[in-house]
Amino acid sequence: MTLDTAAAAAAADAPSSEADASDAVRPLLSDAGEPSSAEELDARYAPYARRDAYGVMGRGPLAPTEAARLALAAAVLVPLRFVAGMLVLLLYYLVCRVCTLFADADEGRPRLAGWRRKAVLRSGCALSRAMLFVFGFYWIRETDKRLPNAEDVNQNQPEELGRPGAIVSNHVSYVDILYHMSASFPSFVAKESVSRLPLVGLISKCLGCIFVQRELKSSDSKGVSEGTTTNGDYLLPFKTGAFLASAPVQPVILRYPYRRFSPAWDSMDGARHVFLLLCQFVNYMEVVRLPVYYPSEKEKGDPKLYANNVRKLIAMEGNLVLSNLGLADKRVYHAALSGSSLPGAQHEKDD
């Protein structure tokens with residue numbers, strides 16, 4: 001099964017919206033002109049604005065105590081965790097390498113079955129949890145939530161109608177992937193370039209990842225626009241891929257409570273984010289599994305309606321703010337933060 005993700009889980013210590021999700025839509029502000037201050041810029045691109053102690057892009061000024069804590073963690077925690085993380089990654093790569101020896105391949109993708117598939121799956125779940133532990137997620141709070149008005153969202157359906165065809169989750173961080181791998185080991189949608197990365201490339205193929213090329217416009221190639229991560233308080237539009245089959249889906253809400261550093265990957269470069277995440281002694285994650293969502297006949301015939309209804313449900317249950325911004329807007333925001341351009345012009349949303 002595949003995982004279709006869009007953005008934003010609410011962190012317990014982060015600012016959260018009390019507005020009703022149905023009224024909290026944030027469209028592209030194409031006619032508002034260029035922002036005159038950092039505050040206006042953050043307000044316009046609110047789903048990507050960072051609000052933790054490290055400030056914009058993780059480069060904000062730190063209090064002396066925080067700077068001392070960071071220096072100590074950088075000297076002690078980071079080397080230990082980096083080595084441990086590389087060992088976990090290398091171990092799983094070796095498992096995948098052994099399991100793909102002499103295995104049949106289809107267009108460069110190994111076809112795993114029997115003991116090979118079981119070894120990749122079971123070791124993947126265990127080692128993904130080990131990697132979360134390395135990152136400081138020592139315990140994860142998981143909740144199975146029952147909806148009081150289940151009949152309103154088509155929950156009263158017999159089990160024989162089908163198991164969930166996809167896990168539909170908000171998307172806050174690359175850590176989301178590790179959690180889903182440890183819990184249910186689904187396949188993922190990933191950038192095509194991931195398949196060529198050292199170690200990770202083979203692992204992603206063994207996971208059955210669906211590789212896509214982001215927003216490719218050439219006439220002889222097919223591209224797809226992907227979702228992206230936010231600061232944890234917002235939920236971006238879902239892509240319809242997980243809903244086209246009209247199969248039931250499993251809604252999941254991910255949250256990352258924090259005090260100083262937010263694990264949300266919003267407006268920070270990857271290397272800095274990994275470094276600061278490794279510097280934090282304890283990181284927290286909360287997971288809420290909603291009941292399986294069974295589509296109505298009308299939703300089965302309209303994937304966009306199906307996706308929107310599931311999105312509204314997750315936003316309501318997770319106290320998330322709906323936003324219509326997308327990956328293109330995030331790139332504009334990052335460019336403005338880095339000083340390379342300002343977001344004054346209209347930019348296309350992801351399809």
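What counts as what
Residues numbered from 1 in each chain as written. Predicted model: local features only at pLDDT ≥ 70, side-chain atom pairs only at ≥ 80, totals over all residues. Heavy atoms only, no water. UniProt positions renumbered as here; feature names shortened; annotations may be inferred. Helix = DSSP H or I, 4+ residues; strand = E, 2+ residues; numbered from the N terminus. Buried < 20%, exposed > 50% of the residue type's maximum accessible area, 1.4 Å probe, protein only. Contact = heavy atoms within 4.5 Å. Areas by Shrake-Rupley, 256 points an atom, 1.4 Å probe, with all protein chains shown as cover. Patch = residues over 30% accessible without salt bridge, like charges linked within 9 Å, V, L, I, M, F, W, Y side chains within 5 Å. Salt bridge = Lys/Arg side-chain N within 4 Å of Asp/Glu carboxyl O. Pairing = 2+ DSSP bridges.

- The protein is annotated in an unreviewed UniProt entry as Phospholipid/glycerol acyltransferase domain-containing protein of Urochloa decumbens.
- The heading Sequence similarities (unreviewed entry) in the UniProt record of the protein holds the text "Belongs to the 1-acyl-sn-glycerol-3-phosphate acyltransferase family."
- Per UniProt, the comment on the protein under Subcellular location (unreviewed entry) is "Membrane".

Topic: the overall build of the protein
Part 1 of the reasoning: Helix and strand content of the protein: nine helices and 11 strands.
Part 2 of the reasoning: Looking at the protein as a whole, 48% of its 351 residues are labelled buried.
Part 3 of the reasoning: Of the contacts formed within the protein by residues at least 6 apart in sequence, a portion of 79% connects residues at least 24 apart.
Part 4 of the reasoning: As presented, the protein carries roughly 17,300 Å² of accessible surface, and 56% of it is formed by carbon and sulfur atoms.

So, a nonpolar patch on the surface
Part 1 of the reasoning: There is a patch of nonpolar side chains on the surface, built from Phe82, Val83, Met86 and Leu87 and spanning about 400 Å² of accessible area.
Part 2 of the reasoning: By the secondary structure assignment, Leu87 is in helix H2 (residues 64-100).
Part 3 of the reasoning: Relative accessible area serves as the criterion here: at 53%, Leu87 is assigned to the exposed category.

Re the pairing of strand S5 (residues 166-171)
Side-chain direction in a regular strand flips from residue to residue, so the side chains alternate between the two faces of the sheet.
Part 1 of the reasoning: Along S5, six of the six residues are buried, which leaves the element largely enclosed by surrounding structure.
Part 2 of the reasoning: Both S5 and strand S9 (residues 249-255) contribute to a ladder of four bridges, which runs parallel. Note on S9: the bridge partner recorded for Ser169 is Val252.

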